[in-house]
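# Coordinates in review
Here is what each chain is made of, one letter per residue.
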Amino acid sequence: MYYIGIDLGTSAVKLLLMSGDGTIENTVTKEYPLYFPHSGWSEQQPEDWWDAVCSGLPELLDGFNREEVAGISFGGQMHGLVILDDEDNVIRPAILWNDGRTGKQTDYLNCDIGKAALSEYTANIAFAGFTAPKILWVKENEPENFDRIQKIMLPKDYIAYMLTGVFSCDYSDASGMLLLDVKNKCWSDEMIRICGIKKEMLPTLYESYEVTGKIKPELAKRFGIPLSCVIAAGAGDNAAAAVGTGTVGEGQCNISLGTSGTIFVSSSEFGVDPNNALHAFAHADGHYHLMGCMLSAASCNKWWMDDILGTQEYEKEQSKIKDLGDNHVFFLPYLMGERSPHNNPDARGTFIGLTMDTTREDMTQAVLEGVAFAIRDSFEVAKSLGNQIDRTKICGGGAKSPLWREIIANVLNIKVDILESEEGPGMGGAILAAVACGEYPTVEDACAKIVKVVDTVEPNPDTAAKYEEKYHKFVKIYPTVKDLFSELL
């Protein structure tokens, strides 16, 4: 049998076809536009996501027996606000995870409602990218749109709704809305009241591997997929990527170098960082995880290469970098503001340490190192909570760079495991579909049989020592320039 994973990303949807034994049979990528109507805003049209899925599925299944497609599931960009009216029309463009317009609403939630109350209600505090502040922003700035709301959903759940007609969401993705009581896995009545919405506007909740419905008959006919094809709830992109990398069960770690960057620590038990620097979310394996998320990771390198250096030759640029740990240039990777651990939408990207002998290679290296140092910020918080982390998996577009993997291993001074197949959320979605169909009894069983480590990058003691010294300099930069950022806006 075949299983489809749909990874609804920020720049494109990636569709993956997996056979029951975990073999990746085919992948297709379809891009769509990203809009920045104002400084700090980030939006997309949900209809563009659906069009991309519909054009990608026939290509994905070309040459395969479509009657053997047993299940479909998802990994999706988190936190985005998708709102529908009483006729299921999209009311306005989706406000995305990396949108920074909700500073006022975030401050209201954290300061007026209070971080302690939010943590009690949801296990988290408000961040500018979360969904609840976006709802408050629409209520305050677009009251005519707010009054039309009948359904509130996340990006991947819009695709699931279009496929099935079932209004659903999974616990991992719902955890990032600031509307879910994460510990008890139910919608928070307090947050519903604070946002001025009704519970019926929110979807039915499922575990990521649970069946939510079956494909609509007209779509089954259109794509040649059997009517028996089930749809599983899926997961937020980071939880789905964790499944795709086998980061399930107790104490496993995964680092994602995608558009955003994350460090993800799985746990069999619910737990909360007392300072709320890390997110406490439900996991796609049915348990929980802690996660630190930076808003710009591989996107920093893309910006530097494409927009500043004007080159697509990433490998060539990185091949010139030889002396790790000796760079005198530092880079703060806050091009879209920052989430973990600073929670500051006003933060901005910053180079410091430039001299007349600074080279192109120094600045390229500083960008890669800056992302690694920022990931270590969250890594240190996770360690302070008693997590013993001596190795990590790695995924995302940035993980394809051998140099960046080496930098990560030495900055964090841990082993970095390289996977045979690095398909992140798409692979995770396909695995969840396979579990939903009974191909495997649990997510952990599926990961144990499907995910394979083929290489490990080990830190070099001398290089790690140099980066230890550099990291302690890096952590002094943000507090020093923090107050300037709001003045520069």
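Scroll up for the structure.
Here is a short report on the structure shown in this document.

What counts, and at which threshold
In this numbering scheme, every chain counts its residues from 1 along its sequence in written order. In keeping with the predicted nature of the model, local features appear solely for residues at pLDDT of at least 70, side-chain atom pairs appear and are counted solely at 80 or more, and the whole-chain, interface and lining totals rest on all residues. Side-chain metrics rest on all non-hydrogen atoms present in the structure, leaving aside hydrogens and water. Put simply, DSSP H or I for four residues or longer makes a helix, DSSP E for two residues or longer makes a strand, and each gets a number counted from the N terminus. The reference for a compact globule is 2.2 Å times residues^0.38; the radius of gyration itself is calculated from the C-alpha atoms. Contacts: residue pairs with any heavy atoms within 4.5 Å of one another. When charges are counted, neither His nor the chain ends are considered; positive counts come from Lys and Arg and negative counts from Asp and Glu. Every charge is mapped to an atom, namely NZ of Lys, CZ of Arg, CG of Asp or CD of Glu. Multiplying 1.5 Å by the residue count of a helix minus one yields the expected span of that helix. Three labels apply to residues, based on accessible area from a 1.4 Å probe with only protein chains included: buried if under 20% of the type maximum, exposed if over 50%, partly exposed otherwise in between. In short, DSSP must find at least two bridges between two strands for them to pair. Criterion for a salt bridge: a side-chain nitrogen of Lys or Arg within 4 Å of a carboxyl oxygen of Asp or Glu. A 3.5 Å cut-off defines polar contacts: any pair of N or O atoms within that distance qualifies, except that in protein one atom must be a possible hydrogen donor and the other a possible acceptor, and neighbouring residues in sequence count only when both atoms are side-chain atoms. Here a cavity means grid points, on a 1 Å grid over the protein atoms only, where a 1.4 Å probe fits yet cannot get out; a pocket means an open set of points with protein on both sides within 12 Å along at least five of seven lines; lining residues are those with an atom within 4 Å of a point. Grid points are joined across faces, edges and corners, and a volume is the space filled by probe spheres set on the points. Amino acid classes used here: Ala, Val, Leu, Ile, Met, Phe, Trp, Tyr, Cys and Pro are nonpolar; Asp, Glu, Lys and Arg are charged; the rest, including Gly, are polar. We call a crossover right-handed when, viewed with both strands directed away from the observer, the connection leading from the first strand over the helix to the second proceeds clockwise. Orientation is described by axes fitted as lines to C-alpha atoms, over the contacting stretch for helices, and by angles from 0 to 180 degrees between their N-to-C directions. Planes of paired rings set the category: under 30 degrees apart is stacked, over 60 is edge-to-face and the rest tilted, where pairs are Phe, Tyr or Trp rings (Trp by its six-membered ring) whose centres lie within 6.5 Å. Two conditions define a charge located above a ring, namely a distance within 6 Å from the ring centre to NZ of Lys or CZ of Arg, and an angle within 35 degrees of the ring normal.

## Some thoughts on the overall build of the protein chain
Counting secondary structure elements, the protein chain contains 16 helices and 24 strands. Its C-alpha atoms give the protein chain a radius of gyration of 21 Å, within 12% of the compact-globule value 23 Å for 489 residues. Its C-alpha atoms give the protein chain principal-axis dimensions of about 65 × 50 × 45 Å. Residue pairs in contact within the protein chain that sit at least 24 positions apart in sequence constitute 72% of those at least 6 positions apart. The distance from the centre of the 42 positive side-chain charges to the centre of the 70 negative ones in the protein chain is 1 Å.

## Concerning helix α1 (residues 46-61)
Taking 1.5 Å of rise per residue, 16 residues should cover 22 Å, and α1 covers 23 Å from first to last C-alpha, within 8% of that figure. Along α1, the positions that sit buried rather than exposed are Pro46, Trp49, Trp50, Ala52, Val53, Cys54, Gly56, Leu57, Leu60 and Leu61. Phi for Gly63, located one or two positions after α1, is positive at around 90 degrees.

## What to know about the pairing of strand β23 (residues 415-419)
Judged by how many residues are buried, β23 sits mostly within the fold: 4 of 5 residues are covered. By the bridge criterion, 3 bridges tie strand β22 (residues 391-395) to β23 in an arrangement that is parallel. Residue pairing in the sheet places Arg391 in a bridge with Lys415 of β23. In this sheet, strand β24 (residues 453-457) lies alongside β23 in antiparallel orientation, the contact comprising 4 bridges.

## Overview of helix α5 (residues 155-164)
For α5, a buried count of 9 out of 10 residues is recorded, marking the element as mostly surrounded by other parts of the structure. Along α5, the residues classified as buried are Pro155, Lys156, Asp157, Tyr158, Ile159, Ala160, Tyr161, Leu163 and Thr164.

## Describing the pattern of salt bridges
Note that side chains of opposite charge can pair when their charged atoms are close. Tallied over the entire structure, the rule returns 21 salt bridges. Of the charged contacts, one joins Arg148 and Asp85 as a salt bridge, the two residues approaching to 3.1 Å between their closest N and O atoms. Of this pair, Arg148 sits in the loop between α4 (143-146) and β8 (151-153) while Asp85 is found in the loop between β6 (82-84) and β7 (94-95), placing the two residues 63 residues apart along the sequence. Residue classification places Asp85 among the buried residues on the basis of a relative accessible area of 7%. When the shortest N-O distance is used, the salt bridge between Asp306 and Lys302 registers 3.0 Å. Here Lys302 and Asp306 lie together in helix α10 (residues 298-309), a separation of 4 residues that amounts to about one turn. The exposure class assigned to Asp306 is buried, which follows from its relative accessible area of 19%. Classification of Lys302 by relative accessible area gives partly exposed; the value is 46%.

## Quick word on the side chain of Arg339
For Arg339, the position within the fold is in the loop between β20 (330-332) and β21 (350-352). No salt bridge forms around the buried Arg339; measuring N to O, its nearest opposite-charge neighbour Glu338 is 6.8 Å away. Of note is the side chain of Arg339, whose polar atom sits 3.0 Å from the side chain of His79. Aside from chain neighbours lying at most four places away, what touches Arg339 is His79, Trp97, Phe127, Gly129, Phe130, His279, Cys293 and Leu295.

## Overview of the layout of surface pockets
Quantified by volume, the second largest pocket comes out at close to 260 Å³. Considering the residues around the second largest pocket, the lining is formed by 16 residues, among which Ser39, Gly40, Trp41, Gly100 and Arg348 are closest to the centre. Its residues assigned to classes, the lining of the second largest pocket comprises 6 nonpolar, 7 polar and 3 charged.

## Observations regarding empty space enclosed by the protein
Scanning the model with the defined rule gives 2 cavities of 30 Å³ or more in all. As a volume, the largest cavity reaches approximately 90 Å³. Across the lining of the largest cavity, the residue classes break down as 6 nonpolar, 5 polar and 3 charged. In terms of lining, the second largest cavity is formed by Gln77, Met78, His79, Trp97, Asp237, Asn238, Ser260, Cys293 and Arg339. A class-by-class count of the residues in the lining of the second largest cavity yields 3 nonpolar, 4 polar and 2 charged.

## What about the pairing of β22?
Looking down a regular strand, the side chains alternate between one sheet face and the other. For β22, a buried count of 4 out of 5 residues is recorded, marking the element as mostly surrounded by other parts of the structure. With 3 bridges connecting them, strand β16 (residues 253-257) and β22 associate as parallel partners. In the sheet register, Ser256 faces β22, and the bridge partner there is Cys395. In this region the chain leaves β22, passes through helix α13 (residues 402-412) and returns to the parallel neighbour β23; the handedness of that crossover is right-handed.

## A look at the sheet that holds strand β17 (residues 261-267)
Strand order in the open sheet made by the 7 strands is β18-β19-β17-β16-β22-β23-β24, with mixed pairing throughout. The open sheet terminates on both sides in strands that have one partner only, identified here as β18 (279-282) and β24. Pairs of neighbouring strands in the sheet enclose a mean axial angle of 30 degrees, with direction left out of account. Pairing geometry for β17 and strand β19 (residues 288-294), over 7 bridges, is antiparallel. Of the residues in β19, the one forming a bridge with Phe264 is Met291.

## A word on the packing of aromatic side chains
Scanning all chains against the criterion turns up 18 aromatic pairs. On the numbers, 6.0 Å between centres and 45 degrees between planes, the contact of Trp303 with Trp304 is tilted. Relative accessible area serves as the criterion here: at 26%, Trp303 is assigned to the partly exposed category. Look at Trp304 and you get buried, because its relative accessible area is 5%. On the basis of an interplanar angle of 90 degrees and a centroid distance of 5.9 Å, the ring pair of Tyr334 and Tyr478 is categorised as edge-to-face. Pair noted here: Tyr334 is in the loop between β20 and β21 and Tyr478 is in helix α16 (residues 461-488), with a separation of 144 residues, a long-range link. Side by side, Tyr334 and Tyr478 carry an identical accessibility label, which is buried. Through successive ring pairs, a cluster of aromatic residues spans Phe330, Phe373, Tyr467, Tyr471 and Phe474. One residue, Lys185, lies across the ring of Tyr288, its end atom 5.3 Å from the ring centre. The positively charged end of Lys470 is found above the aromatic ring belonging to Phe330, 4.0 Å away from the centroid.

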